[in-house]
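# Secondary and tertiary structure notes
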Amino acid sequence: DIKTNLHFSSNLKIQKKKSDLILEICKIFNEKDYLSTLGSKNYLIEKEFFKKKINVHYFEFIKDVNNPLDYSILDLIFSLGPESKKYIEKNFKVI
């Protein structure tokens with residue numbers, strides 16, 4: 001059960017891009033941890049996050065050979081409903 005508020009970054013009126021944008025969003029919401037895909041290593045400036053005492057964590061998706069579908073997070077939630085949590089726990093690995 002995920003209970004959280006939804007915020008649109010466009011409503012925050014931040015004029016930054018890429019790593020700086022993400023860092024600013026984390027600062028606005030007083031986040032201490034940021035979780036992202038391995039692909040973001042190409043543009044995240046980790047040392048800037050560490051300066052602000054924000055831990056950066058990466059995850060990888062472990063392909064489920066029994067399920068050939070590639071889900072976006074919304075596809076996953078709408079397709080699997082409450083079972084989405086189990087799917088995520090089984091197939092996402094924090095590195």
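Up top is the structure.
Residues numbered from 1 in each chain as written. Predicted model: local features only at pLDDT ≥ 70, side-chain atom pairs only at ≥ 80, totals over all residues. Heavy atoms only, no water.

Right, let's talk about the overall build of the chain for a bit. Secondary structure assignment for the chain yields 4 helices and 3 strands. Each helix and strand of the chain, placed in order from N terminus to C terminus, yields the pattern α-β-α-β-α-α-β. Looking at the chain as a whole, 22% of its 95 residues qualify as buried. Within the chain, contacts between residues at least 6 apart in sequence are counted, and of these 39% link residues at least 24 apart. (Helix = DSSP H or I, 4+ residues; strand = E, 2+ residues; numbered from the N terminus. Buried < 20%, exposed > 50% of the residue type's maximum accessible area, 1.4 Å probe, protein only. Contact = heavy atoms within 4.5 Å.)

Looking now at the packing of helix α3 (residues 73–80) against helix α4 (residues 84–91). Packing of α3 against α4 leaves a shortest axis separation of 9 Å and a crossing angle of 130°. Comparing the axis directions of α3 and α4 gives the class oblique. For the pair α3 and α4, contact is made by Ile73, Leu76, Ile77 and Leu80 and by Ser84, Tyr87 and Ile88, respectively. Residue classes in the contact of α3 with α4 are distributed as 6 nonpolar, 1 polar and no charged. (Axes fitted to C-alpha atoms, helices over the stretch in contact; angles between N-to-C directions. Parallel < 35°, antiparallel > 145°, perpendicular 65-115°, else oblique. Nonpolar A, V, L, I, M, F, W, Y, C, P; charged D, E, K, R; others polar.)

With that settled, the discussion passes to helix α1 (residues 18–28). All of the buried residues along α1 are Ser19, Ile22, Leu23, Glu24 and Cys26. Elements that come into contact with the buried residues of α1 comprise β1 (33–37) and α2 (46–51). Once α1 ends, the next one or two residues include Asn30, with phi positive near 55°.

Ile22, Leu23, Cys26, Tyr34, Leu44, Phe49, Ile54, Val56 and Tyr58 form the largest nonpolar core, which has 9 residues in total. Among the elements of the structure, α1 and β2 (55–61) are those that each provide at least two residues to this core. When residues in this core are grouped by element, the largest group, 3 residues, is from α1. Aside from chain neighbours lying at most four places away, what touches Cys26 is Glu31, Tyr34, Phe49 and Ile54. (Core = buried A, V, L, I, M, F, W, Y, C linked by side-chain atoms within 4.5 Å.)

For the coordinates displayed, the defined rule picks out 2 aromatic pairs. Ring geometry for Tyr34 versus Phe49: centroids 5.9 Å apart, planes at 25°, classification stacked. In this pair, Tyr34 sits in strand β1 while Phe49 sits in helix α2, placing the two residues 15 residues apart along the sequence. Each member of the pair Tyr34 and Phe49 is classed as buried. Ring geometry for Phe59 versus Phe92: centroids 5.2 Å apart, planes at 45°, classification tilted. Separated by 33 residues along the polypeptide, Phe59 in strand β2 and Phe92 in strand β3 (residues 92–94) bring together distant segments of the chain. A relative accessible area of 18% means that Phe59 is categorised as buried. Sitting over the face of the ring of Tyr58, Lys41 holds its NZ or CZ atom 4.9 Å from the ring centroid. (Phe/Tyr/Trp six-rings, centres within 6.5 Å; stacked < 30°, edge-to-face > 60°. Lys NZ or Arg CZ within 6 Å of the ring centre and 35° of its normal.)

So far we have only geometry, and geometry alone does not tell us how the molecule works.
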